[in-house]
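Single-letter residue listing:
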Amino acid sequence: MKDFIRKEQLFSHSIDNVWNAITKQEEISTWFIKADFKAETGYKYTFTASPESNCTEITGEVKQATPYTLIYTWIVGGTTTETTVKWELTETNNGTKLILEHSGISDYPSETAVKMFGDFNGGWDNCISELSGYLKQTIHAG
């Protein structure tokens, strides 16, 4: 089984606009999940999803928050498996390239790992789509 998910997306928005969208608590809470989050190394965060979702809470710790790389651990409520999420932004001629990687998924028990990989893969597709919609609506560009 592949141990990580990788997503790439190009945005026609400035690197700072994309960075703010993935690191500012107020912005994350608008397009992703209600967040108690600070892009500060060592900050222990909590994402609280709606009760309708399969998972109501995600916790972890910010490991790196340097422009323009954000790395944090990811622990799904009801589990003890720690995985890692990395967001990396690069400025392009036309905006910003985002690379998202979620690794360590094979650390879940075998059948759970397969299910989580599928859930995370689809979840990150939806997440990038929501981020794109948020940037288009909020920043009024692209």
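As the structure is a prediction and not an experimental result, all values here were calculated from the model.

Asks: What should I look at first to understand the overall build of the protein in this one?
Replies: When its secondary structure is counted, the protein shows three helices and seven strands. In sequence order, the secondary structure elements of the protein are arranged as β-α-α-β-β-β-β-β-β-α. Computed over C-alpha atoms, the radius of gyration of the protein comes to 15 Å, within 12% of the 14 Å expected from 2.2 N^0.38 for 142 residues, which places it in the range of a compact globule. Considered along the principal axes of its C-alpha atoms, the protein spans approximately 45 × 30 × 30 Å.

Asks: Sorry, what's going on with the nonpolar core here?
Replies: Within the largest apolar cluster, 40 residues are counted, with the highest numbers of intra-cluster contacts made by Phe-47, Tyr-72, Trp-74 and Trp-87. With 10 residues, helix 3 (residues 110-139) is the single largest residue contributor to this core. Each residue touching Trp-74, except ones within four places of it in the same chain, is listed here: Phe-32, Tyr-45, Phe-47, Ile-58, Thr-59, Thr-81, Glu-82, Thr-83, Val-85, His-102, Phe-120 and Trp-124.

Asks: Help me understand the pattern of salt bridges in this model?
Replies: Inspection of the entire model under this criterion finds seven salt bridges. Ionic pairing is found between Lys-7 and Asp-125, a salt bridge with its closest N-O pair at 2.6 Å. Note that Lys-7 is positioned in strand 1 (residues 4-11) and Asp-125 in helix 3, a separation of 118 residues in sequence. The shortest N-O distance in the salt bridge between Lys-44 and Glu-61 comes to 3.0 Å. Placement of Lys-44 in strand 3 (residues 44-48) and of Glu-61 in strand 4 (residues 57-66) is noted, with a sequence separation of 17 residues between them. Of the residues examined, Lys-44 reaches a relative accessible area of 57% and is grouped as exposed. A single salt-bridge network, built from bridges that share partners, covers Arg-6, Glu-8, Lys-97 and Glu-101.

Asks: Can you help me understand the packing of aromatic side chains in this one?
Replies: When we look at a pair of aromatic rings, we describe it by the centre distance and by the angle of the planes. This model, assessed by the stated rule, comprises 17 aromatic pairs. Arranged with centres 5.2 Å apart and planes meeting at 70°, the rings of Tyr-45 and Tyr-72 form a pair that is edge-to-face. Separated by 27 residues along the polypeptide, Tyr-45 in strand 3 and Tyr-72 in strand 5 (residues 69-76) bring together distant segments of the chain. A residue is classified by how much of its surface remains accessible, and Tyr-72, at 3% relative accessible area, is buried. Aromatic pair Phe-47 and Trp-74: ring centres 6.1 Å apart, planes at 65°, arrangement edge-to-face.

Asks: Even after reading the chapter, I still don't get the pairing of strand 4, so can you show me in this structure?
Replies: The side chains of a regular strand alternate, residue by residue, between the two faces of the sheet. Pairing geometry for strand 3 and strand 4, over five bridges, is antiparallel. Within strand 4, the residue paired with Tyr-45 across the bridge is Gly-60. With six bridges connecting them, strand 4 and strand 5 associate as antiparallel partners. Residue pairing in the sheet places Gln-64 in a bridge with Ile-71 of strand 5. Turn length for the strand 4-strand 5 hairpin, with the two strands adjacent in sequence and antiparallel, is two residues.

Asks: Whenever I open this one, the side chain of His-102 confuses me. Can you help?
Replies: Take His-102: it is sitting in strand 7 (residues 95-103). Side chain to side chain, His-102 and Thr-83 meet in a polar contact 2.7 Å long. Excluding its chain neighbours within four sequence positions, the residues that come into contact with His-102 are Asp-3, Phe-4, Ile-5, Trp-74, Thr-83, Thr-84, Val-85, Phe-120 and Trp-124.

What counts, and at which threshold
- Residues numbered from 1 in each chain as written.
- Predicted model: local features only at pLDDT ≥ 70, side-chain atom pairs only at ≥ 80, totals over all residues.
- Heavy atoms only, no water.
- Helix = DSSP H or I, 4+ residues; strand = E, 2+ residues; numbered from the N terminus.
- Rg over C-alpha atoms; globule rule 2.2 N^0.38 Å.
- Core = buried A, V, L, I, M, F, W, Y, C linked by side-chain atoms within 4.5 Å.
- Buried < 20%, exposed > 50% of the residue type's maximum accessible area, 1.4 Å probe, protein only.
- Contact = heavy atoms within 4.5 Å.
- Salt bridge = Lys/Arg side-chain N within 4 Å of Asp/Glu carboxyl O.
- Phe/Tyr/Trp six-rings, centres within 6.5 Å; stacked < 30°, edge-to-face > 60°.
- Pairing = 2+ DSSP bridges.
- Polar contact = N/O pair within 3.5 Å; in protein donor to acceptor, adjacent residues only side chain to side chain.

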